[in-house]
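Commentary on secondary and tertiary structure
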Amino acid sequence: MDPIEGFTRLSADEKLDRLLADGLIGPEDIELILSFRHTDPLVAGFFERMTENVVTSYHLPYSISPNFLINGKTYHVPMVTEESSIVAAASWSAKFWRSRGGFLTTVLDEIKVGQIHFTWDGQYHQLAEYLQVFQPLLIDESRHITAGMDARGGGITGMEMVDFSEEADHLYQLRVSFLTADAMGANFINSCLELMAGRLRDHVAAAFPSVPPPEIIMAILSNYTPNCLVSCTVECQSKDLTGIRGADDPNQFARRFGLAARIAEIDPYRAVTHNKGIFNGIDAVILATGNDFRAVEAGGHAWAAKDGKYQSLTRIEQTGDLFRYTLTVPMAVGTVGGLTSAHPLARLSLRILGNPSARELMQIAAAAGMANNFSAVKALITNGIQEGHMKLHKRKSH
Ligand code: MEV
């Protein structure tokens, strides 16, 4: 196959002509591609500008999972996913837990982290001491970027110097903490970091003239957000785990569920699948609201391995008759800016959710994750998951 030169410069229709001429697609594919383009040229144009080399749109189902009771408030939760059973599973759990107190969620913290990686030939302890001096300068010099965020209750919340010189010669890091109010904040954080990187180099060069200036390697936010954390708990008495098909005895169900949850804590092979089931729900909400599911997934899986071994994101507590099941997961999301404000369906999702704050959205997404996981584990320890899957497969093939 010959390389395609200048593809980016062609219009969407010219791109199709080019693919056709090269035999990559046939005339019938053109019809298919055009049928998936939005009929409103304004919307089609919006999608074309969203990313590069766009030729059509790839649709995913948009569903509503109704009646989530979260901290006493009812939400009808938009979910975007291609996988059958996910919405049914979420809705089943929402109904089940609605009559048992609902989902109890808490935002544990909202701090996000950015990093400036650099090398420097001087002494680390001098750098660490000097941070006291140049931290306020860096904050002042970033004020033109942070002013809006400061006014909304966000901004830079702290800095620390990290010494990696044992791992790689002369390697250090300035780790900066941010609050980003209702924005996901990636652009805000990266703009601050890029500005601060240049200022850091200049300040350190001026303060230590006998040492060559630091060499900035890169400045970028971290998608590891262990301090941007939400938890979701469901709890009841074991004897109240009733009305579950394939589980006639609620206490037996509770015992088997407890074991299934423990298996996912103990065995990484099971933990990954267990957590995948959690992200079935979380990602569907993240996508529906125009947030970055890769960022949330990456942060979540890293958190699952924070103790040096990949584990489940859930914990089970069963003392006496108590059944308490908790999901804790990092969740860097926003409800203003980026795609959340630009994509008409993301805006609609947020409207359906009552225009939540980022804190509220963290809790809704965590509840969706819990709902999907509870349903999945319930199915696995009773009739298996194939029963539900096969029902939907049959529907799809009609
Ligand atoms: C399938 O998408 C998700 C499950 O495998 C999750 C789990 O095993 O807990 C059913």
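Residues numbered from 1 in each chain as written. Predicted model: local features only at pLDDT ≥ 70, side-chain atom pairs only at ≥ 80, totals over all residues. Heavy atoms only, no water.

Moving on, we come to the packing of aromatic side chains. Tallying each qualifying case throughout the model produces 21 aromatic pairs. Between F96 and F374 the ring centres are 5.6 Å apart and the planes differ by 25°, which places this aromatic pair in the stacked class. Taken together, the residues span a long stretch of sequence, with F96 in helix α4 (residues 86-98) and F374 in helix α13 (residues 358-380) at a distance of 278 residues. Taken as a pair, F96 and F374 share a single burial class, namely buried. Considering the side-chain rings of F323 and Y325, the 6.5 Å spacing of their centres and the 45° angle between planes classify their relative orientation as tilted. The class for F323 is buried, based on a relative accessible area of 0%. Residue Y325 is classed as buried on the basis of its relative accessible area of 0%. (Phe/Tyr/Trp six-rings, centres within 6.5 Å; stacked < 30°, edge-to-face > 60°. Helix = DSSP H or I, 4+ residues; strand = E, 2+ residues; numbered from the N terminus. Buried < 20%, exposed > 50% of the residue type's maximum accessible area, 1.4 Å probe, protein only.)

Bringing the domain arrangement of the protein into the picture now. The assigned domain composition of the protein is domain 1 (7-50), domain 2 (63-108 + 229-397) and domain 3 (112-221). The distance between the C-alpha centroids of domain 2 and domain 3 comes to 36 Å. Taken together, the contacts link 9 residues of domain 2 with 6 residues of domain 3. Here domain 2 meets domain 3 over a buried area of about 510 Å², counting both sides, of which 63% is carbon and sulfur. Together, A332, V336 and A358 form the three largest contributors to the area buried by domain 2 at its contact with domain 3, with a combined 57%. Our enumeration of links across domain 2 and domain 3 arrives at 0 salt bridges. On inspection of domain 2 and its partner domain 3, the count reaches 3 residue pairs in polar contact (both at pLDDT 80 or more). For the side of domain 2 that touches domain 3, the residue count by class is 5 nonpolar, 4 polar and no charged. (Domains from an automatic or database assignment. Contact = heavy atoms within 4.5 Å. Buried area = accessible area lost by both parts, 1.4 Å probe. Salt bridge = Lys/Arg side-chain N within 4 Å of Asp/Glu carboxyl O. Polar contact = N/O pair within 3.5 Å; in protein donor to acceptor, adjacent residues only side chain to side chain. Nonpolar A, V, L, I, M, F, W, Y, C, P; charged D, E, K, R; others polar.)

This part covers the packing of helix α9 (residues 268-288) against helix α10 (residues 293-304). Their axes nearest at 10 Å, the elements α9 and α10 cross at an angle of 150°. Considering the angle they form, α9 stands roughly antiparallel to α10. In this structure, α9 crosses over α10, and the sense of that crossing is right-handed. Residue-level inspection shows N275, F279, I282, D283, I286 and L287 of α9 in contact with α10, the latter providing F293, V296, E297, G300, H301 and A304. Residues belonging to the contact of α9 with α10 are distributed by class as follows: 7 nonpolar, 3 polar and 2 charged. (Axes fitted to C-alpha atoms, helices over the stretch in contact; angles between N-to-C directions. Parallel < 35°, antiparallel > 145°, perpendicular 65-115°, else oblique. Left-handed = near helix turned anticlockwise from the far one by under 90°.)

Right, let's talk about the site of the ligand for a bit. Taken together, E83, R270, T273, H274, K276, G277, N280, A376 and L380 make up all the residues around the ligand. Within the contact set of the ligand, an oxygen atom lies 2.9 Å away from a side-chain nitrogen or oxygen of N280. Of all the elements in the fold, those that place two or more residues in the shell around the ligand are α9 and α13. The element that contributes the greatest number of residues to the shell around the ligand is α9, accounting for 6 residues. For the shell around the ligand, a count of residues per class yields 2 nonpolar, 4 polar and 3 charged. (Near = heavy atom within 4 Å.)

Take a nonpolar patch on the surface next. Together, Y58, L60 and L287 make up a nonpolar patch on the protein surface, roughly 340 Å² of accessible area in all. Along the chain, the position of L60 falls in the loop between α3 (41-50) and β1 (62-70). (Patch = residues over 30% accessible without salt bridge, like charges linked within 9 Å, V, L, I, M, F, W, Y side chains within 5 Å. Areas by Shrake-Rupley, 256 points an atom, 1.4 Å probe, with all protein chains shown as cover.)

Locating T180 in the fold gives a position in the loop between β6 (171-179) and α7 (186-207). Given the relative accessible area of 2%, T180 is considered buried. Side-chain polar atoms of T180 contact the backbone oxygen of A183, separated by 2.8 Å. Residues within four places of T180 in sequence aside, it is in contact with K112, M149, G185, F188 and I189.

We now examine the pattern of salt bridges. Evaluation of the coordinates by the stated rule reveals 17 salt bridges. Put simply, R359 and E110 hold a salt bridge, and the shortest N to O gap is 2.5 Å. With R359 in helix α13 and E110 in strand β3 (residues 104-110), the pair connects residues that are 249 residues apart, well separated along the chain. Judged by its relative accessible area of 37%, R359 is partly exposed.

With that out of the way, let us pick up the sheet that holds strand β7 (residues 215-222). Taken in spatial order, the 4 strands line up as β5-β6-β4-β7 in an open sheet, and their pairing is antiparallel. Only two strands of the sheet have a single partner each, and these edge strands are β5 (155-163) and β7. For this sheet the average axis-to-axis angle between neighbouring strands, irrespective of direction, equals 20°. Pairing between strand β4 (residues 112-119) and β7: 7 bridges, direction antiparallel. Bridging from a neighbouring strand, Q115 pairs with I220 of β7. (Pairing = 2+ DSSP bridges.)

Now for the sheet that holds β3. Sheet strands line up and pair through hydrogen bonds in the backbone, either parallel or antiparallel. Overall, antiparallel pairing links the 4 strands, which are arranged β3-β8-β10-β9 in an open sheet. Pairing within the sheet leaves two strands with one partner each, and these edge strands are β3 and β9 (314-317). Pairs of neighbouring strands in the sheet enclose a mean axial angle of 15°, with direction left out of account. Examined bridge by bridge, β9 and strand β10 (residues 322-330) share 4 bridges and lie antiparallel to one another. Bridging from a neighbouring strand, R315 pairs with T326 of β10. Taken strand by strand, helix α8 (residues 250-266) contacts β9 and β10, and its axis lies near 140° from that of β9. Contacting β3, β8 (228-237), β9 and β10, α13 runs over the sheet at an angle of about 50° to β8.

Turning to α9, a few remarks are in order. Over its 21 residues, α9 runs 29 Å from end to end, which matches the ideal 30 Å to within 8%, given 1.5 Å per residue. By the largest-angle criterion, F279 marks the main kink of α9, which is about 30°. N-capping of α9 is provided by D267, with a side-chain oxygen placed 3.1 Å from the backbone N of Y269. One or two positions beyond α9, positive phi appears at G290, with a value near 75°. (Expected span 1.5 Å × (residues − 1). Bend = angle between axes of the 7 residues up to and from the residue.)

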